[in-house]
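# Fold and contact review
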Amino acid sequence: MVKATENRYIIRDDEILGGEPIIKGTRTPVRAIVETWRMGVLPEEITIGMPHLTLAQVFDALSYYSDNRDEIDQYIERNRIPDELIDPLVKML
């Protein structure tokens with residue numbers, strides 16, 4: 001079941017990522033945008049790496065995060081890859 005949120009571009013769909021907040025019309029979770037932004041990538045640059053998104057969608061995801069920080073942080077932690085499973089060559093990037 002698809003559920004709207006108060007944000008224009010953010011929805012929850014029980015069939016996609018178990019209902020985790022995603023960008024409407026995509027399978028891109030809000031957490032992916034937040035994690036990219038936390039790495040220092042500007043919102044305008046996020047759309048370069050994720051060209052299927054508009055700048056408005058990126059900003060809406062960051063706005064959703066601002067209002068729902070604890071929830072998104074939990075999704076980020078739940079989906080974090082343990083350091084011991086990351087290839088050393090990837091760690092050097």
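See the structure printed just above.
Model, not experiment: these values are computed from the prediction. (Residues numbered from 1 in each chain as written. Predicted model: local features only at pLDDT ≥ 70, side-chain atom pairs only at ≥ 80, totals over all residues. Heavy atoms only, no water.)

### Describing the overall build of the protein chain
Helix and strand counts for the protein chain stand at 5 helices and 3 strands. Of the regular secondary structure in the protein chain, the N- to C-terminal order runs β-β-β-α-α-α-α-α. A compact globule built from 93 residues should have a C-alpha radius of gyration of about 12 Å, and the protein chain, at 14 Å, falls within 12% of that. Along the three orthogonal principal directions, the C-alpha set of the protein chain runs to about 40 × 25 × 20 Å. When the 93 residues of the protein chain are sorted by exposure, 38% land in the buried category. When the accessible surface of the protein chain is split by element, carbon and sulfur atoms take 55% of a total near 6,200 Å². Side chains of the protein chain give 11 positive and 17 negative charges; the mean places of these two sets differ by 2 Å. (Helix = DSSP H or I, 4+ residues; strand = E, 2+ residues; numbered from the N terminus. Rg over C-alpha atoms; globule rule 2.2 N^0.38 Å. Buried < 20%, exposed > 50% of the residue type's maximum accessible area, 1.4 Å probe, protein only. Areas by Shrake-Rupley, 256 points an atom, 1.4 Å probe, with all protein chains shown as cover. Lys, Arg positive; Asp, Glu negative; His and termini not counted. Charge placed at Lys NZ, Arg CZ, Asp CG, Glu CD.)

### Observations concerning the nonpolar core
With 17 residues, the main nonpolar core has Val30, Ile33, Val34 and Ile72 as its most contacted residues. Among the secondary structure elements, those contributing two or more residues to this core are helix 1 (30-38), helix 3 (55-67) and helix 4 (69-78). The biggest single contributor to this core is helix 3, with 5 residues. (Core = buried A, V, L, I, M, F, W, Y, C linked by side-chain atoms within 4.5 Å.)

### Some remarks on the packing of helix 1 against helix 3
Axis separation between helix 1 and helix 3 bottoms out at 9 Å; the angle between their running directions is 90°. Classified by the interaxial angle, the pair formed by helix 1 and helix 3 is roughly perpendicular. Where helix 1 approaches helix 3, its residues Val30, Ile33, Val34, Trp37 and Arg38 are matched on the opposing element by Val58, Ala61, Leu62, Tyr64 and Tyr65. Split by residue class, the contact of helix 1 with helix 3 holds 9 nonpolar, no polar and 1 charged. (Axes fitted to C-alpha atoms, helices over the stretch in contact; angles between N-to-C directions. Parallel < 35°, antiparallel > 145°, perpendicular 65-115°, else oblique. Contact = heavy atoms within 4.5 Å. Nonpolar A, V, L, I, M, F, W, Y, C, P; charged D, E, K, R; others polar.)

### Some details on the sheet that holds strand 2 (residues 10-13)
Judged by pairing direction, the sheet is antiparallel, and its 3 strands sit side by side in the order 1-2-3 without closing on themselves. The open sheet terminates on both sides in strands that have one partner only, identified here as strand 1 (2-4) and strand 3 (22-23). Bridging between strand 2 and strand 3 involves 2 bridges; their strand directions are antiparallel. Paired with Ile10 across the bridge in strand 3 is Ile23. Against the sheet, helix 3 makes contact with strand 2 and strand 3, and its axis sits at roughly 75° relative to strand 2, the strand it touches most. (Pairing = 2+ DSSP bridges.)

### Regarding the pattern of salt bridges
Opposite charge on two side chains makes pairing possible when the charged atoms of those side chains draw close. A full pass over the atoms with the stated rule returns 5 salt bridges. The residue Asp14 makes a salt bridge to Lys3 at a minimum N-O spacing of 3.3 Å. Placement of the pair is Asp14 in the loop between strand 2 and strand 3 and Lys3 in strand 1, with a sequence separation of 11 residues. A residue is classified by how much of its surface remains accessible, and Lys3, at 33% relative accessible area, is partly exposed. With a shortest N-O distance of 2.2 Å, Glu71 and Arg12 are connected by a salt bridge. Placement of the pair is Glu71 in helix 4 and Arg12 in strand 2, with a sequence separation of 59 residues. (Salt bridge = Lys/Arg side-chain N within 4 Å of Asp/Glu carboxyl O.)

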